[in-house]
Amino acid sequence: MPFATLLIGSSSAAILALGAGILNGSFATPTRFMNRWKWENVWALWAVFAMFVLPWSVALVTVPHLFATYQTAEVRHALLLVILFGAGYGIAAICFGLGVEALGIALNFAIALGTATAVGSAIPLFWFHSASVLTRQGLLIETGIAVIIAGIILCGIAGRSKERAQSKQLNEAAGPRTSSFAKGLTLALVAGAGSALQNFGLAFGVPLLRRAAELGADQSYQSNVIWAPLLTATLAPYLIFCAGLWKKNRSWNLYFAPNTAKYWLFGLLMGSLWFSSLVVYGAAAVRMADLGPVLGWPLFMSAIILTSNVWGLAVGEWKGANRASLLIMFAGLGGLILGFCILAWASALQRLA
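These numbers come from a predicted model, not from an experiment.

## Observations concerning the nonpolar core
Soluble globular proteins tend to pack their nonpolar side chains together in the buried interior.
Logical step 1: Core analysis: the biggest nonpolar cluster contains 96 residues, and Phe27, Trp43, Trp46, Met51, Leu231, Tyr238 and Trp274 have the highest contact counts within it.
Logical step 2: Here this core gets 13 residues from one element, more than from any other, and that element is helix α2 (residues 39-62).
Logical step 3: Those residues in contact with Trp46 that sit more than four places away from it in its chain are Phe27, Met51, Tyr238, Gly267, Met270, Gly271 and Trp274.

## Section: helix α3 (residues 73-103)
Logical step 1: Given a rise of 1.5 Å per residue, 31 residues ought to cover 45 Å, and the 45 Å separating the end C-alpha atoms of α3 matches this to within 8%.
Logical step 2: Looking one or two residues past α3, Gly104 carries a phi angle of roughly 95°, positive in sign.

## Remarks on the packing of α3 against helix α7 (residues 206-214)
Logical step 1: For the pair α3 and α7, the least separation of the axes is 8 Å and the interaxial angle reads 130°. Viewed along their axes, α3 and α7 adopt a mutual orientation that is oblique. As for the relative orientation of α3 and α7, their crossing is left-handed in sense. Residue-level contacts link Glu74, Val75, Ala78, Leu79 and Val82 of α3 to Pro207, Leu208 and Arg211 of α7.
Logical step 2: Taken together, the residues that form the contact of α3 with α7 break down as six nonpolar, no polar and two charged.

## Some points on a nonpolar patch on the surface
Logical step 1: Judged by side-chain polarity, Val48, Phe52 and Val53 come together as a nonpolar surface patch covering roughly 210 Å² of accessible area.
Logical step 2: Within the element layout of this structure, Val53 appears in helix α2.

## Observations regarding the packing of aromatic side chains
Logical step 1: Per the stated rule, a full pass over the model turns up 24 aromatic pairs.
Logical step 2: On the basis of an interplanar angle of 85° and a centroid distance of 6.1 Å, the ring pair of Trp37 and Trp264 is categorised as edge-to-face. Of the two residues, Trp37 is situated in the loop between α1 (3-26) and α2 and Trp264 in helix α9 (residues 261-287); the sequence distance between them amounts to 227 residues.
Logical step 3: Judged by centre distance (5.5 Å) and plane angle (45°), the rings of Phe85 and Phe204 are tilted. In this pair, Phe85 is assigned in helix α3 and Phe204 in helix α6 (residues 181-204), connecting sequence segments 119 residues apart.
Logical step 4: You can call Phe85 buried: its relative accessible area is 16%.
Logical step 5: The class for Phe204 is partly exposed, based on a relative accessible area of 25%.
Logical step 6: Among the aromatic residues, those joined into a cluster by ring pairs are Phe27, Trp39, Trp43, Trp46, Tyr89, Phe96, Phe109, Tyr238, Phe241 and Trp274.

## Examining the side chain of Gln222
Logical step 1: With respect to the helices and strands, Gln222 occurs in the loop between α7 and α8 (224-249).
Logical step 2: Judged by its relative accessible area of 11%, Gln222 falls in the buried class.
Logical step 3: Other than its neighbours up to four places away in sequence, Gln222 contacts Leu209, Ala213 and Ala217.

Reading guide: rules and limits
Residues numbered from 1 in each chain as written. Predicted model: local features only at pLDDT ≥ 70, side-chain atom pairs only at ≥ 80, totals over all residues. Heavy atoms only, no water. Core = buried A, V, L, I, M, F, W, Y, C linked by side-chain atoms within 4.5 Å. Buried < 20%, exposed > 50% of the residue type's maximum accessible area, 1.4 Å probe, protein only. Helix = DSSP H or I, 4+ residues; strand = E, 2+ residues; numbered from the N terminus. Contact = heavy atoms within 4.5 Å. Expected span 1.5 Å × (residues − 1). Axes fitted to C-alpha atoms, helices over the stretch in contact; angles between N-to-C directions. Parallel < 35°, antiparallel > 145°, perpendicular 65-115°, else oblique. Left-handed = near helix turned anticlockwise from the far one by under 90°. Nonpolar A, V, L, I, M, F, W, Y, C, P; charged D, E, K, R; others polar. Patch = residues over 30% accessible without salt bridge, like charges linked within 9 Å, V, L, I, M, F, W, Y side chains within 5 Å. Areas by Shrake-Rupley, 256 points an atom, 1.4 Å probe, with all protein chains shown as cover. Salt bridge = Lys/Arg side-chain N within 4 Å of Asp/Glu carboxyl O. Phe/Tyr/Trp six-rings, centres within 6.5 Å; stacked < 30°, edge-to-face > 60°.

Honestly, it's all geometry; don't read function into it.
Take a look at the structure:
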């Protein structure tokens, strides 16, 4: 294959992964403008749109003979794994939403997605490509992951330093920063570890992708055959948890509270941003061939964290932070960019092999 074609293909996959990260890093921002609702109102609405309505709507439109894809004996084992991974991811999704409330957008994204990057990239590399671990390409991938994780850790340190500085201000408004940092850290770590199950669903759902291709699905949309059942399984534990909070807090009626009609649009926006990021990421991973879960995942995570930090600055989460906190944050973001460059190099080697 000509070098120019390889270069264009690699670049388009990287652009898709980055675009998906920007979408995902933006999805939680509307929560800052929905303060008349409780946590369970905001996140349950997002979950219904993001995990059921949009995945099945998009899959039905983009995947020919969708339900026939799930009916052959060859794919049933893969479908079961996808569903199990989805249910496990539901626990992570709950922790992530609680973490946004406890830590804020920027810090929660950094810690949770840092954990997801380590787990979601390292395991596919060692599981599916163990022979490549000590090759030049494998070492580059491992180095890129390590640099990204180091950058994410710096972002987390900066966030903690920022919180300490803000806590000294007498005029600090009540909000997410009043929650226990230890509790928020635990939620973010659990969310990150569990978020990797989302990537495993794509990695272990390859038979579904192949069957969708046989039935005429375009390469860019094949991953939709996985997202629909995976996210429906995710929704089940999520809604059970929210239902418990509706009962405990008597918050169901808040959906019909005065002056909150626009919140429904915010929920749709959140769901659209989040799910569209998965669709775009799936297209990027497919274009990166069988190393998509290894290379595409860290690129996706890096763009999410960069974007969420920008939004954190925009909505005032870093207001009152000292200079040291900001410098550490920028150092962390620099590490993420360096890690992206290393992984892009590894991706180019794979394309040229």
